[in-house]
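Structural overview for review
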Amino acid sequence: MSHTYDILIVGGGPIGLACGLEAKKAGLSYLIVEKGCLVNSLFHYPLHMTFFSTADRLEIGGYPFPAIHPKPNRMEALEYYRRVADVGQLQIKLFEEVESIVPEGEGFYHITTNKETYLARHVVLATGFYDIPNMLGIKGEELPKVKHYYYDPHFYYKQKLVVVGGNNSAADVALETWRRGAEVSMVIREPELGSIKYWVKPDLQHRIDEGAIKAYFQSSLAEVREQEVDIQTPEGLVIIPNDYVMAMTGYRPNFAFLEKAGVQLSQDMKRYPTYNPETMETNMPRLYLAGVVCGGMDTHVWFIENSREHAVKIVRHIGQQR
Ligand SMILES: Cc1cc2nc3c(=O)[nH]c(=O)nc-3n(C[C@H](O)[C@H](O)[C@H](O)COP(=O)(O)OP(=O)(O)OC[C@H]3O[C@@H](n4cnc5c(N)ncnc54)[C@H](O)[C@@H]3O)c2cc1C
């Protein structure tokens, strides 16, 4: 047993860091435990990704985010959160995964990671949703050519690419790879493009209208094989040659981890976790949720901009209890 804390924060993303800064400001003993690198989800975002938020809306703990352009990119955000962790002298354990959280004795939780065990009076789950992709559930999805994470468009030069999805991520992948010389086809369930950043949508619509990017609307990917894919379209099955499939079908929180910690989830498709929106406390006493994990399958509801306040609500509630 290494140590006892007032608060143990699971997840070193922007909101986990915000919780650490609030805990520190309130004079509480705390520790942030992150299974990957600092802001691991942002690190795994596409290389050239630009946030839809302006820099000020990504700020945490009152630390200013000076950015050259109104909307910062991935590199700037990594720089910013690392500087905040440094200047804020945050207590963080990296590359350490929390495996279980169990109530222990009067008013404590016993936390086991792949390296250590801890005791804490309060636990915050700021575990995000970027680790588990929504699978297509089709034949051939296990092939290495099918990817749910996108990084660098250069890799797809002169490759035949199918992009599945019609929202932000799919739009970025389709345009960036097309501009780097990929032959791009999009498979979109809806009759038109979805919710895409307003400065990106017209660009993609033009490419589709001029035929530079082929789009199959009201369609779905039916099967993937080494050299080709089957697309179910309103006109019937279409078979096209293919090198890579980018399945930009979104991600989901680790529901099994939440349930193992005792958090109740709604029994419908949405899997909404149970928590008090005023305090962020779950059905488990002194166990809180913070950040985008709060949305269940509705991963578009919460983001950094509007979930930063979770840190303030949690620390205020702990302060009131004490
Ligand atoms: C492509 C993309 C663009 C986005 N653009 C914007 C934007 O412009 N503006 C905006 O406000 N939001 C945006 N978002 C949403 C928001 O940025 C992210 O979801 C953000 O990462 C949320 O922060 P978080 O701290 O809640 O979760 P995360 O950043 O996902 O952090 C959760 C952390 O918990 C860690 N973790 C998980 N399980 C464990 C465990 N068992 N033990 C230890 N650590 C664990 C993970 O490794 C991860 O680092 C975007 C999201 C995506 C995917």
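Residues numbered from 1 in each chain as written. Predicted model: local features only at pLDDT ≥ 70, side-chain atom pairs only at ≥ 80, totals over all residues. Heavy atoms only, no water.

1. So, helix 4 (residues 168–179)
What counts here: Counting from the N terminus, the helices are DSSP H or I runs at least four residues long and the strands are E runs at least two residues long. Residue count minus one, scaled by 1.5 Å, sets the expected span of a helix. The cut-offs for exposure are 20% and 50% of the maximum accessible area for each residue type, with area from a 1.4 Å probe on protein chains only; residues under the lower value are buried, those over the upper are exposed, and the others partly exposed. Pairs of residues are marked as contacts when any of their non-hydrogen atoms sit within 4.5 Å.
Here helix 4 is 12 residues long and its end C-alpha atoms lie 17 Å apart, about the 16 Å a rise of 1.5 Å per residue gives. Within the sequence span of helix 4, burial applies to Ala170, Ala171, Asp172, Val173, Ala174, Leu175, Glu176 and Thr177. Those residues of helix 4 that are buried are in contact with strand 9 (160–164), strand 10 (183–187), helix 5 (201–209) and strand 15 (244–247). Note on helix 4: the residue one or two positions beyond its end, Gly181, has a positive phi of about 95°.

2. A few points about the domain arrangement of the protein chain
Threshold: Domain borders in the structure are assigned automatically or taken from a domain database. By definition, the buried area sums, over both parts, the 1.4 Å-probe accessible area that each loses when the two are put together. Here a polar contact is recorded for every N or O atom pair within 3.5 Å, except that within protein the pair must consist of a potential hydrogen donor and a potential acceptor, and residues adjacent in sequence are included only if both atoms are side-chain atoms. Residue type decides the class: Asp, Glu, Lys and Arg count as charged, Ala, Val, Leu, Ile, Met, Phe, Trp, Tyr, Cys and Pro as nonpolar, and the leftover types, Gly among them, as polar.
Taken domain by domain, the protein chain consists of domain 1 (3–132 + 251–321) and domain 2 (135–247). Placing a centre on the C-alpha atoms of domain 1 and another on those of domain 2 gives a separation of 32 Å. When the buried surface of domain 1 facing domain 2 is broken down by residue, Leu47, His48 and Tyr251 rank first, second and third, together holding 42% of it. Between the two partners, domain 1 and domain 2, sit 5 residue pairs in polar contact (both at pLDDT 80 or more). In the side of domain 1 that touches domain 2, the residues fall into 9 nonpolar, 3 polar and 3 charged.

3. Things to note about the site of the ligand
To be explicit about the condition: Throughout, near means a residue has at least one heavy atom within 4 Å of the molecule or strand. Accessibility throughout is a Shrake-Rupley quantity obtained with a 1.4 Å probe, and a residue counts as covered only by protein chains that appear here.
Around the ligand, a shell composed of 33 residues is seen, among which Glu34, Ser41, Phe52, Ser53 and Ile304 lie nearest. A distance of 3.0 Å is found between a nitrogen atom of the ligand and a backbone nitrogen or oxygen belonging to Val98. Between the ligand and Val292, the relevant distance is 3.1 Å, taken from an oxygen atom to a main-chain nitrogen or oxygen of the residue. Compared with its free state, where it exposes 980 Å², the ligand has 93% of that area covered by protein.

4. Topic: the pairing of strand 15
A regular strand carries its side chains on alternate faces of the sheet. Selection rule: A pair of strands counts as paired when DSSP detects no fewer than two bridges linking them.
Because side chains alternate across strand 15, one face comprises the buried residues Tyr244 and Met246, and the other comprises Val245 and Ala247, equally buried. In terms of strand pairing, strand 8 (residues 146–147) meets strand 15 through 2 bridges, oriented parallel. Bridge assignment links Lys147 to a residue of strand 15, and that residue is Met246. In terms of strand pairing, strand 9 meets strand 15 through 4 bridges, oriented parallel. Bridge pairing links Val164 to Ala247 in strand 15.

5. A word on the pattern of salt bridges
For the record, the criterion: We define a salt bridge as a side-chain nitrogen of Lys or Arg found within 4 Å of a carboxyl oxygen belonging to Asp or Glu.
All chains considered together, the criterion is met by 20 salt bridges. Across the pair Arg121 and Asp6 runs a salt bridge whose closest N-O atoms are separated by 3.0 Å. Of this pair, Arg121 sits in strand 6 (residues 117–125) while Asp6 sits in strand 1 (residues 3–10); the two residues are 115 residues apart in sequence, bridging distant segments of the chain. Look at Arg121 and you get partly exposed, because its relative accessible area is 33%. In this structure, the salt-bridge partner of Glu228 is Arg225, at a minimum N-O distance of 3.0 Å. Because the salt bridges share partners, they merge into one network encompassing Lys139, Glu223, Arg225, Glu228 and Asp230.

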